[in-house]
Amino acid sequence: MKKSLCVLLAAGGLWVNTSVAETPAEVRVAYSGGSQVLMLAKADGSLDNALHSKVKWVQFASGADALNYFASNAIDIANFGSSPATAGIVRKLPVEIVGVSGVIASYERLIGKDGITRINDIEGKRVAYPPNSTAQYALEAAISVNHLDRSKITLLPLRPAEMVAAWKRGDIDAGYVWAPFAQELEASGGHQVFATKDLQKDGYLIYNNYVVRKAFAEQYPQTVSAFLRVHQEKVDEFKKDPERAAAIVAKEVGAPVTTAVNTLGGLEYPTLTQQGTADWLGNGTQTTDSGIGKALTKTSDFLAGIGEIRKRDIPANWDSAINSRYIRDAAVAAQ
């Protein structure tokens, strides 16, 4: 909603009607069903209080679903992977990246059956992955940096729940996926073969990010900054008492506590202050050359290489794709 403010300019006796943005009546926040620190704010209602708005929580299964929600104007803010976010930006969805919710370390990993002990062993095997996801990006990157023969690998795009079912039927030999589905594969005879953090040494920054509808952010900038402050508060809460936080998150998402511990601990969390620097989203003047800008370039080149997007659609720069204004405002307010 908006409130009109009438100002009388005494000198000319002229009335000017300006518009002052208030808080929205409702903020539609999209999230995956897995464990994440944001669930602490869902559990205690602190996000509603901080935003002074009713939060409508919209659950999705994969980043592709989040993109569809944005395309249909059904959500305002979403937490999902860098790969689908990049695809959405290249496809000209009116969204922008405003924060990093967590860098993927061991949260996503390749689980294999007996006989698969290292990444090279997936040649000649059936390997599943969730399409248009950071797990797909990590799997393809692992194949590339380890110089595997992709033609010898049967790659199967499956949603996480479908992957678990295929695993139990014996239809696949390995799967690259996130928690809690990774733990389900491990509980059914699987073991970790490779983790996304193993790609960091090869220069791959793979992360989950907060993405916002541009029109929403422009209308309610203080709401976006407040949202990011709550994220940092919940990261601090998790770090202060990981076991307690994991227990709350586990109850909220219906997962075992051990799964929540594994998932929350499988991410790395840059602070608000760090994110407003060149290493992450930039300070507003070097967006394309920032850490996230370079990651977008690398990710988009990868997606074009596998046919997910068209090379000619990749923008010349990422100035309109990354907006560090809100994270920098949040960092100042949090001090």
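Thresholds applied
- Residues numbered from 1 in each chain as written.
- Predicted model: local features only at pLDDT ≥ 70, side-chain atom pairs only at ≥ 80, totals over all residues.
- Heavy atoms only, no water.
- Helix = DSSP H or I, 4+ residues; strand = E, 2+ residues; numbered from the N terminus.
- Rg over C-alpha atoms; globule rule 2.2 N^0.38 Å.
- Buried < 20%, exposed > 50% of the residue type's maximum accessible area, 1.4 Å probe, protein only.
- Contact = heavy atoms within 4.5 Å.
- Areas by Shrake-Rupley, 256 points an atom, 1.4 Å probe, with all protein chains shown as cover.
- Lys, Arg positive; Asp, Glu negative; His and termini not counted.
- Charge placed at Lys NZ, Arg CZ, Asp CG, Glu CD.
- Axes fitted to C-alpha atoms, helices over the stretch in contact; angles between N-to-C directions.
- Left-handed = near helix turned anticlockwise from the far one by under 90°.
- Nonpolar A, V, L, I, M, F, W, Y, C, P; charged D, E, K, R; others polar.
- Polar contact = N/O pair within 3.5 Å; in protein donor to acceptor, adjacent residues only side chain to side chain.
- Core = buried A, V, L, I, M, F, W, Y, C linked by side-chain atoms within 4.5 Å.
- Domains from an automatic or database assignment.
- 1 Å grid on protein atoms, 1.4 Å probe; cavity = no way out; pocket = protein on both sides within 12 Å on 5 of 7 lines; lining within 4 Å.
- Points joined across faces, edges and corners; volume = space filled by probe spheres on them.
- Pairing = 2+ DSSP bridges.
- Buried area = accessible area lost by both parts, 1.4 Å probe.
- Salt bridge = Lys/Arg side-chain N within 4 Å of Asp/Glu carboxyl O.

Peer 1: Which residues make up the overall build of the protein, and what are the values?
Peer 2: On a plain count of helices and strands, the protein comes out with 14 helices and 13 strands. Computed over its C-alpha atoms, the radius of gyration of the protein comes to 21 Å, within 12% of the 20 Å expected for a compact globule of 335 residues. A burial count over the protein gives 53% of its 335 residues as buried. Long-range pairs, those at least 24 residues apart, make up 74% of the contacts in the protein between residues at least 6 apart in sequence. As displayed, the protein has an accessible area near 14500 Å², and 50% of this comes from carbon and sulfur atoms. Taking the average place of the 35 positive charges on the side chains of the protein and the average place of its 35 negative ones, the gap between the two points comes to 3 Å.

Peer 1: Help me get a handle on the packing of helix H9 (residues 221-240) against helix H14 (residues 325-334), residues and values and all.
Peer 2: It is at 8 Å that the axes of H9 and H14 come closest, and there the two elements cross at 65 degrees. For the element pair H9 and H14, the recorded crossing hand is right-handed. Across the interface between the two elements, Pro221, Val224, Ser225, Leu228 and Arg229 of H9 pack against Arg325, Tyr326, Ile327, Asp329, Ala330, Ala333 and Ala334 of H14. Its residues placed into classes, the contact of H9 with H14 shows eight nonpolar, one polar and three charged.

Peer 1: Tell me about the side chain of Gln136, and please be specific about residues and values.
Peer 2: In this structure, Gln136 sits in helix H5 (residues 134-145). A residue is classified by how much of its surface remains accessible, and Gln136, at 3% relative accessible area, is buried. Side-chain polar atoms of Gln136 contact the backbone nitrogen of Asn132, separated by 2.8 Å. If near-sequence neighbours (up to four positions away) are discounted, Gln136 is found in contact with Tyr129, Pro130, Pro131, Phe302, Ile306 and Glu308.

Peer 1: How would you explain the nonpolar core if you had to name every residue and give the values?
Peer 2: In terms of nonpolar packing, the biggest core is built from 110 residues, with Leu47, Phe80, Leu110, Ile122, Phe227, Leu228 and Ile292 touching the most fellow members. In terms of domain composition, this core takes at least three residues from each of domain 1 (26-103 + 206-333) and domain 2 (108-202). Each residue touching Leu110, except ones within four places of it in the same chain, is listed here: Ile119, Ile122, Val127, Ala174, Gly175, Tyr176, His191, Gln192, Val193 and Phe194.

Peer 1: Which residues make up empty space enclosed by the protein, and what values do they have?
Peer 2: Per the stated rule, a full pass over the model turns up one cavity of 30 Å³ or more. For the largest cavity, the calculated volume is near 270 Å³. As for the largest cavity, its lining consists of 24 residues, and the residues nearest its centre are Ser32, Phe80, Gly81, Tyr107 and Asn208. At three residues, strand S5 (residues 77-81) tops the list of elements feeding residues into the lining of the largest cavity. Tallied by class, the residues present in the lining of the largest cavity amount to 11 nonpolar, 12 polar and one charged. Per-domain counts for the lining of the largest cavity show at least three residues from each of domain 1 (26-103 + 206-333) and domain 2 (108-202).

Peer 1: I'd like a description of the sheet that holds strand S11 (residues 191-195), backed by residues and values.
Peer 2: If you trace the five strands from one edge of the open sheet to the other, you get S9-S8-S10-S7-S11, paired in mixed fashion. The open sheet has two free edges, formed respectively by strand S9 (154-157) and S11, since each of these has just one partner strand. Ignoring which end each strand starts from, the neighbouring axes of this sheet average 30 degrees apart. Sheet topology note: the strand S7 (residues 108-112)/strand S10 (residues 174-178) ladder contains five bridges and is antiparallel. Note on S10: the bridge partner recorded for Gly112 is Ala174. Each of S7, strand S8 (126-129), S9, S10 and S11 touches H5; the most contacted strand, S10, lies at about 130 degrees to it.

Peer 1: Account for the sheet that holds strand S6 (residues 95-104), with residues named and values stated.
Peer 2: Pairing is mixed in the open sheet, where six strands are placed in the order S4-S3-S5-S12-S6-S13. Both outer strands of the open sheet, strand S4 (54-60) and strand S13 (267-268), are each paired with one neighbouring strand and no more. Helix-sheet contacts for helix H4 (residues 82-90) involve S5, S6 and strand S12 (207-213), and the interaxial angle to S5 is about 120 degrees. Of the strands in this sheet, strand S3 (26-32), S5, S6 and S12 touch H9, which is tilted by about 0 degrees from S6.

Peer 1: If you had to explain the domain arrangement of the protein to someone new, which residues and values would you point to?
Peer 2: In terms of domains, the protein is made up of domain 1 (26-103 + 206-333) and domain 2 (108-202). For domain 1 and domain 2, the distance between their C-alpha centroids amounts to 24 Å. Facing 24 residues of domain 1, the contacting portion of domain 2 comprises 17 residues. Of the roughly 1700 Å² buried between domain 1 and domain 2, counting both surfaces, carbon and sulfur atoms make up 56%. Among the residues of domain 1 in contact with domain 2, Ile206, Thr259 and Phe302 are the three that bury the most area, contributing 30% of the side total. Counting the contacts that link domain 1 with domain 2 gives one salt bridge. The partner of Asp65 in a salt bridge is Arg159, with the nearest N and O atoms 3.1 Å apart. Inspection of the region where domain 1 meets domain 2 yields four residue pairs in polar contact (both at pLDDT 80 or more). Counting only elements with at least two residues in the side of domain 1 that touches domain 2, the list comes to helix H3 (63-71), H4, helix H11 (257-264) and helix H13 (291-305). Looking at the side of domain 1 that touches domain 2, the element that brings in the most residues is H4, giving four residues.

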